[in-house]
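Structure assessment
If you want the building blocks of each chain, they are given just below.
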Amino acid sequence: MVFPDARDVPVDPLSEQRLSGSGLDYRIVDLADPAAARAFVRAETRGFLDQEPDDESVRATVDMMAARRNVGVYAATAGSAVDALPVATVDSWVTPMTVPGGGHVPMWAISAVTVAGTHRRRGIARSLLEGELRAAVGAGIPVAGLTATEATIYGRYGFGPAAPVARVEVDARRAGGIAPEPTGVVEYVDREQLPEALSQVHERAREQRAGQIPGWPLRWMRLAGTAPGEEKGRAVRGAQYRDADGVVRGVLVYALEILDAEFGADLVIRHVVADAPEALRALWAFAVNHDLIRTVRADLQPVDDPLPWLVADQRAVRTTVHDHGWLRILDVPSALGARSYRAPLDLVIRVSDPLGFAEGSWRVRIGQDGAAVIEPTADAADIALDVAALSSLYLGGVSATTLRAAGRITATADSAASFDDAFGSASAPTLSIWY
Ligand SMILES: CC(C)(COP(=O)(O)OP(=O)(O)OC[C@H]1O[C@@H](n2cnc3c(N)ncnc32)[C@H](O)[C@@H]1OP(=O)(O)O)[C@@H](O)C(=O)NCCC(=O)NCCS
């Protein structure tokens, strides 16, 4: 599948006009201009409360951003100074997202949403987000996605949490140990080799669960502690699982937090990825069975991870589920038509969308083969919901029965159950990285 390049999409004229009415200049940033690129990175870093980036970090971030459409908002008082920091930033790119059934949908990924402390609560974020969504629609992209630092910001633009994840904490002493895998080996990996190993295994593993997207080199370097500016990078260690044929099937990146008073340590997992169940089991065994460890902690795990079933005492595993991957459906027939389904279905959904993109009544017909055809209809609706709820349901990360119980959708119990039979999937959707 060839995806459009977000960098070819001009800024949204409506947001441009709105922001210019407030004396703000909304434009695509030319990263080829070093001063403008550096100012953009500094503004983004400041927005996320990070410390001032050094030159090497700026260079690494600019290299990564070169693959993205970077939009800045500039105060008129800054004149045309190229090194003026934008008062707001956003970047985006088009990426494949795995959908249930193993196919992909093109997704408009949105990142780097920041508004300067001096310019908050004036509607700038709204112009940025709506501008991104209109740009995505203009480029023919059916779904937008993001990860959110705060869970209360994006519902108003039609995003819904779609790929929940689990934060896990294992009481290693209570867990009772995990049986080592009879085949394959776990071996240490030097930090410098981790980014490549993570990238390779992730590229295969991301096909196995809905909600996953490809990573990029700087993402893996940051996890491995090898990116410029990673102050605690030297604390990072890595291990990998090689199967009986010698192929690397799983990678674990972790750091030990020493507990002086306990003569022990906590093992904090920065990332774990595996494309085979035995690889995942072997890496969990390595972490949980590690000597002198009090707890093993990890975030961004699938909500149906086998970990509680690997240990002798399930009460040793504390799991906190939280939102992570957020989606926003922009084109109902294309988005729903891109995934496959587990059961036939024939019903009408009525979708409300304040921004208009997904608005309408749609007949969803799913055949025995699991393929869907979605057409506009004037027939009465079986399920009425807003676009954020539909986006949350899209990957099967929550059921219609649950949203009905929460009063988030209107449907009979039978319609919700039929919807769930079709939309559910064998593995929970997930998203193992931040973007
Ligand atoms: C969050 C942030 C982008 C909001 O920018 P902003 O320009 O002040 O937002 P706007 O003025 O456009 O407000 C848009 C809406 O979001 C609401 N809102 C703004 N910040 C919010 C927050 N932190 N939590 C909840 N709602 C928020 C506003 O009340 C407004 O609601 P309304 O349109 O329903 O009236 C900005 O505060 C910021 O940069 N924060 C730090 C970086 C960050 O958290 N980025 C998000 C990355 S996922």
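Residues numbered from 1 in each chain as written. Predicted model: local features only at pLDDT ≥ 70, side-chain atom pairs only at ≥ 80, totals over all residues. Heavy atoms only, no water.

Looking at an unreviewed UniProt entry, the protein carries the name GNAT family N-acetyltransferase, with the source organism given as Microbacterium panaciterrae. According to the UniProt record, the Sequence similarities (unreviewed entry) comment for the protein is "Belongs to the acetyltransferase Eis family." (UniProt positions renumbered as here; feature names shortened; annotations may be inferred.)

So, on to the overall build of the protein. On a plain count of helices and strands, the protein comes out with 13 helices and 17 strands. Over its C-alpha atoms the protein spans a radius of gyration of 23 Å, differing by no more than 12% from the 22 Å that the globule rule assigns to 435 residues. Taking the principal axes of the C-alpha coordinates as reference, the protein spans close to 60 × 60 × 40 Å. Nonlocal contacts in the protein, meaning residues at least 24 apart in sequence, comprise 72% of its contacts between residues at least 6 apart. Put simply, the protein shows about 19300 Å² of open surface, and 50% of that area lies on carbon and sulfur atoms. Charged side chains of the protein number 43 positive and 56 negative; the gap between the two group centres comes to 4 Å. (Helix = DSSP H or I, 4+ residues; strand = E, 2+ residues; numbered from the N terminus. Rg over C-alpha atoms; globule rule 2.2 N^0.38 Å. Contact = heavy atoms within 4.5 Å. Areas by Shrake-Rupley, 256 points an atom, 1.4 Å probe, with all protein chains shown as cover. Lys, Arg positive; Asp, Glu negative; His and termini not counted. Charge placed at Lys NZ, Arg CZ, Asp CG, Glu CD.)

Here we come to the UniProt feature "domain: Enhanced intracellular survival protein" (unreviewed entry) in the protein. In the numbering used here, UniProt assigns the "domain: Enhanced intracellular survival protein" (unreviewed entry) feature to residues 332-431. For residues 332-431, the end-to-end C-alpha separation is 22 Å, with 31% helix and 27% strand making up the annotated structure.

Let us now look at the UniProt feature "domain: Eis-like acetyltransferase" (unreviewed entry) in the protein. UniProt tags residues 220-329 as "domain: Eis-like acetyltransferase" (unreviewed entry). Taken as a whole, residues 220-329 contains 19% helix and 47% strand, while its terminal C-alpha atoms sit 28 Å from one another.

A word on the nonpolar core. Of all hydrophobic cores here, the largest spans 75 residues; its most connected members are Met 97, Val 251, Leu 336, Ile 349, Leu 385, Tyr 394 and Phe 419. Apart from the residues within four sequence positions on either side, Leu 385 is in contact with Ile 349, Arg 350, Val 351, Ser 352, Leu 390, Leu 393 and Ile 409. (Core = buried A, V, L, I, M, F, W, Y, C linked by side-chain atoms within 4.5 Å. Buried < 20%, exposed > 50% of the residue type's maximum accessible area, 1.4 Å probe, protein only.)

This part takes up the site of the ligand. The environment of the ligand is formed by 21 residues, the closest being Val 113, Val 115, Arg 121, Gly 123 and Arg 126. The backbone of Ile 124 places a nitrogen or oxygen atom 3.4 Å from an oxygen atom of the ligand. Interatomic distance of 3.0 Å between a side-chain N/O atom of Arg 156 and an oxygen atom of the ligand. Summarising the interface, the protein chains cover 77% of the accessible area of the ligand, which totals 900 Å² for the free molecule. The set of elements that each furnish at least two residues to the shell around the ligand consists of strand S4 (104-115) and helix H4 (124-138). Looking at the shell around the ligand, its residues break down into nine nonpolar, six polar and six charged. (Near = heavy atom within 4 Å. Polar contact = N/O pair within 3.5 Å; in protein donor to acceptor, adjacent residues only side chain to side chain. Nonpolar A, V, L, I, M, F, W, Y, C, P; charged D, E, K, R; others polar.)

Each strand in a sheet pairs with its neighbour through backbone hydrogen bonds, running either in the same direction (parallel) or in the opposite one (antiparallel). Strand order in the open sheet formed by five strands is S15-S14-S13-S16-S17, with mixed pairing between adjacent strands. Only two strands of the sheet have a single partner each, and these edge strands are strand S15 (372-376) and strand S17 (409-411). On average, each strand axis in the sheet is inclined to that of its neighbour by 20°, with strand direction left out of account. Here strand S13 (residues 345-352) runs beside strand S16 (residues 383-386); their pairing, made up of four bridges, is parallel. Considered in S16, the bridge of Ile 349 is made with Ile 383. Where helix H13 (residues 413-423) meets the sheet, its contacts fall on S13, strand S14 (360-366), S16 and S17, and the angle it forms with S13 comes to roughly 105°. (Pairing = 2+ DSSP bridges. Axes fitted to C-alpha atoms, helices over the stretch in contact; angles between N-to-C directions.)

Time to look at the domain arrangement of the protein. You can read the domains of the protein as domain 1 (6-158), domain 2 (166-321) and domain 3 (331-423). For domain 1 versus domain 3, the distance between C-alpha centres works out to 30 Å. On the domain 3 side, the residues contacting the 15 residues of domain 1 number 13 residues. Around 1100 Å² of area is buried between domain 1 and domain 3 when both sides are counted, 74% of it from carbon and sulfur atoms. (Domains from an automatic or database assignment. Buried area = accessible area lost by both parts, 1.4 Å probe.)

Right, let's get into the sheet that holds strand S7 (residues 185-189). In spatial order, the strands read S1-S2-S3-S4-S5-S12-S6-S11-S10-S9-S8-S7; together these 12 strands make up an open sheet with mixed pairing. Two strands close off the open sheet at either side, each with one partner strand: strand S1 (24-28) and S7. Averaged over all pairs of adjacent strands, the angle between strand axes in this sheet comes to 25°, irrespective of strand direction. Sitting on the sheet, H4 is in contact with S1, strand S2 (69-75), strand S3 (88-98), S4, strand S5 (143-147) and strand S12 (317-329), with an inclination near 160° to S4.

This next bit is on the side chain of His 322. Note that His 322 resides in strand S12. Once residues lying within four places of it in the same chain are set aside, the contact partners of His 322 are Pro 164, Val 165, Arg 167, Asp 299 and Leu 300.

On to the packing of aromatic side chains. For the structure on display, the rule yields eight aromatic pairs. Note on Trp 93 and Trp 216: the rings are 5.7 Å apart at their centroids and 75° apart in plane angle, and the pair reads as edge-to-face. Note that Trp 93 is positioned in strand S3 and Trp 216 in the loop between helix H6 (194-205) and helix H7 (217-224), a separation of 123 residues in sequence. There is no split in this pair, since Trp 93 and Trp 216 are both buried. Ring centres 5.8 Å apart and planes at 80° place the aromatic pair Trp 93 and Tyr 435 in the edge-to-face group. Of this pair, Trp 93 sits in strand S3 while Tyr 435 is found in the segment after H13, placing the two residues 342 residues apart along the sequence. Taking relative accessible area as the criterion, Tyr 435 reaches 10% and is therefore assigned buried. Aromatic ring contacts, followed pair by pair, group Trp 93, Trp 216 and Tyr 435 into a single cluster. The side chain of Arg 68 reaches across the aromatic face of Trp 93, ending 3.7 Å from its centre. (Phe/Tyr/Trp six-rings, centres within 6.5 Å; stacked < 30°, edge-to-face > 60°. Lys NZ or Arg CZ within 6 Å of the ring centre and 35° of its normal.)

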